[in-house]
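Given next are the chains, with one letter for each unit.
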Amino acid sequence: MVEIPGLKLLVDCGMFQGSKTERELNYRTLPFDPGHIDAVILTHAHIDHSGLLPKLYNAGYEGPIFATPPTIDLCAVMLPDSGHIQESEVEYLNRRNGRRGRDMVEPIYTAKDAVETLTLFRSVELGIWQAVGRNARFRFWNAGHLLGSASVELEVTTAGRTTRLLFSGDLGPEYKLLEFDPVGPADVDYLICESTYGDTDRIDATKDGRRRALKEVVMEAHHANGALLIPSFAVERTQELLADLVWLMERREIPECPIVIDSPLATKASRIFLNYASELEDGDLVVHAMRAHNVRFTESAEQSKAIDQMKGFHIIIAASGMCEAGRIRYRLANWLWRDEGTVLLVGYQAAGTLGRILEEGATMVRIRGDDIKVRARIRTLDLYSGHADGPELAAWVRNRMPIGKAVFLIHGEAQALEGMRNRIGTILDPDKIFIPHLDSAFVLTAGGMRDVSTLVPPPRIDPVHTGQRDWHNDYQSLLLDLQEELKRAADDKARAVVIRKVRRALAE
Ligand SMILES: [Zn+2]
Ligand SMILES: [Zn+2]
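Residues numbered from 1 in each chain as written. Chains lettered and ligands numbered in written order. Predicted model: local features only at pLDDT ≥ 70, side-chain atom pairs only at ≥ 80, totals over all residues. Heavy atoms only, no water.

### Here's the deal with helix 15 (residues 471-488)
Between its first and last C-alpha, helix 15 extends 25 Å over 18 residues, near the 26 Å set by a 1.5 Å rise per residue. All of the buried residues along helix 15 are Asn473, Leu480, Glu484 and Leu486. With its buried residues spanning 165° around the axis, helix 15 presents them on a single face. Residues Trp471 and Leu478 are exposed on helix 15 and point more than 90 degrees away from its buried face. Elements in contact with the buried residues of helix 15: helix 12 (354-359), strand 16 (364-367), strand 17 (370-373) and helix 16 (492-507). (Helix = DSSP H or I, 4+ residues; strand = E, 2+ residues; numbered from the N terminus. Expected span 1.5 Å × (residues − 1). Buried < 20%, exposed > 50% of the residue type's maximum accessible area, 1.4 Å probe, protein only. Arc of directions from axis to C-beta. Contact = heavy atoms within 4.5 Å.)

### Quick word on the coordination of the zinc ion (ligand 2)
The coordination sphere of the zinc ion (ligand 2) contains the protein donors Asp48 (OD), His49 (NE2), Asp170 (OD) and His411 (NE2), at a distance range of 2.1 to 2.2 Å. One can describe the site at the zinc ion (ligand 2) as irregular: its four donor atoms subtend angles covering 88 to 162° at the metal. Separation of the zinc ion (ligand 2) from the zinc ion (ligand 1) amounts to 3.5 Å, with Asp170 serving as a shared donor to the pair. Of this pair, His49 sits in helix 2 (residues 47-50) while His411 sits in the loop between strand 19 (403-410) and helix 14 (414-424), and the two are 362 residues apart along the sequence. Residue classification places His49 among the buried positions, given a relative accessible area of 6%. (Donors = N, O, S within 2.8 Å, 3.2 Å for Na, K, Ca; no water. Tetrahedral: all angles 85-135°; square planar, octahedral: opposite > 155°, others 65-115°.)

### Things to note about the nonpolar core
Counting residues in hydrophobic clusters, the biggest one holds 94 residues, and the most contacted among them are Ile259 and Ile315. The greatest single-element share of this core, amounting to seven residues, is contributed by helix 7 (residues 237-250). Ile259 has contacts with Leu242, Leu245, Val246, Met249, Asn294, Val295, Arg296, Ile315 and Ile317, leaving out every residue within four places of it along the chain. Grouped together as the second largest cluster of nonpolar side chains are 20 residues, Ile307, Met310, Ala318 and Val365 included. (Core = buried A, V, L, I, M, F, W, Y, C linked by side-chain atoms within 4.5 Å.)

### Notes on the domain arrangement of the chain
When cut into domains, the chain gives domain 1 (1-123), domain 2 (126-202 + 386-465), domain 3 (207-384) and domain 4 (471-503). Between domain 2 and domain 4, the C-alpha centre-to-centre distance is 47 Å. (Domains from an automatic or database assignment.)

### Points about the sheet that holds strand 4 (residues 65-67)
Strand order in the open sheet formed by five strands is 1-2-3-4-5, with mixed pairing between adjacent strands. In this open sheet, the two strands that pair with only one neighbour each are strand 1 (2-4) and strand 5 (121-123). Ignoring which end each strand starts from, the neighbouring axes of this sheet average 25° apart. Relative to strand 3 (residues 39-41), strand 2 (residues 7-11) is paired through three bridges, and the arrangement is parallel. In the strand pairing of strand 3, Leu10 is matched with Val40. Docked against the sheet, helix 4 (residues 69-99) engages strand 4 and strand 5, running at close to 155° with respect to strand 5. (Pairing = 2+ DSSP bridges. Axes fitted to C-alpha atoms, helices over the stretch in contact; angles between N-to-C directions.)

Next up, the structure:
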């Protein structure tokens, strides 16, 4: 939230993802009065940036939501889909709560709320100055991260002095299949910069390197002769994977097989990509891939269920990318316990999500209350990430210099933020680099900056509990370990010993 005399605005209004402790924040009342917000500037359509807009609307927000035209089109399918997910998660939870005699919960918002929120969107093209209130204006710069994604340059004039702020939004990598490289203005006072991969160096992230790595996993899955499951964000990642898979098949680099896109959202998003194909880098590859004869899109739940019957080698791409929701959970339940299955994780997996737990080599996982043995191969390929890696982030920051007052590093786990701080500490005065925590507050002027976090309400959750596994994750893995231990025990007598030891430990 940016507050200037006579104007309060939000840059993004995203949903917390990751551990249960963090996601729980989505259900709480917002930490400000939504009726007092004058405008929202949205960097891009990803749910961690747009996902609480319907909640904001429900809570009484009536102002404009400024976004680029493709962002608006993507939000028109992504927000109602998110509402639908909220509704079905809560429905499932309430069935369980009912059985356990617990209180019922309400969804954060519904698909209908999300559709109504869309009426607040106002389109702003890249590079065009847009006034907000009397003393501020902003313009969007291509961020190269997702169709429509943008950085926000905000210019505020108070008492005759102008302060320039730049919000990076999420930044794309150099060799992203469909997006042109990110750009931005130089000479700003304050930079608020994402740091997702601040500690990572991805040397192979070229188009060829990516296709080579994908081919390797496809060949392995082909050899195992089962499904290759690719949990993937429905928007852009799915279209990129599809384009590369068809590209490899047509060049006979990998064997041809059925490719199923098992995600209604991906189907809708793909149509939006077709509409903007001419504005994308290599947009024709997506158009071509979507029309390939072996590519199928499932719509109904029945069509989706039917693909569990498919035998032999085939590829299924389904949402969500971190395996937390969506149809991929059904496909995983059907394939994880089989030797023939292969799972390819292609994106960033937040701490505490099922995707991260698989990535870390869990041998047993719990999906919708069922414990499932992991026998399928788990492979990861982070080359499809929509985020710039450490060196690319640092290069982007360098191109924004001179940076007059301060850089705030956000949008990253502790290690990534520290990695980023070290990386840009060589090109910028380290005293100018700050890592704020959730609910931090600063006074920014053209003259300098002051941390006023102690003058505002305390953070909603302790900063040490953000961006990592929480006790829910630890509890789940403890239960699974205990189960394994009991199963491994030689006989009932040995099991009784294990239980007695645990009880003794509890008593202590
Ligand atoms: Zn994003
Ligand atoms: Zn993000």
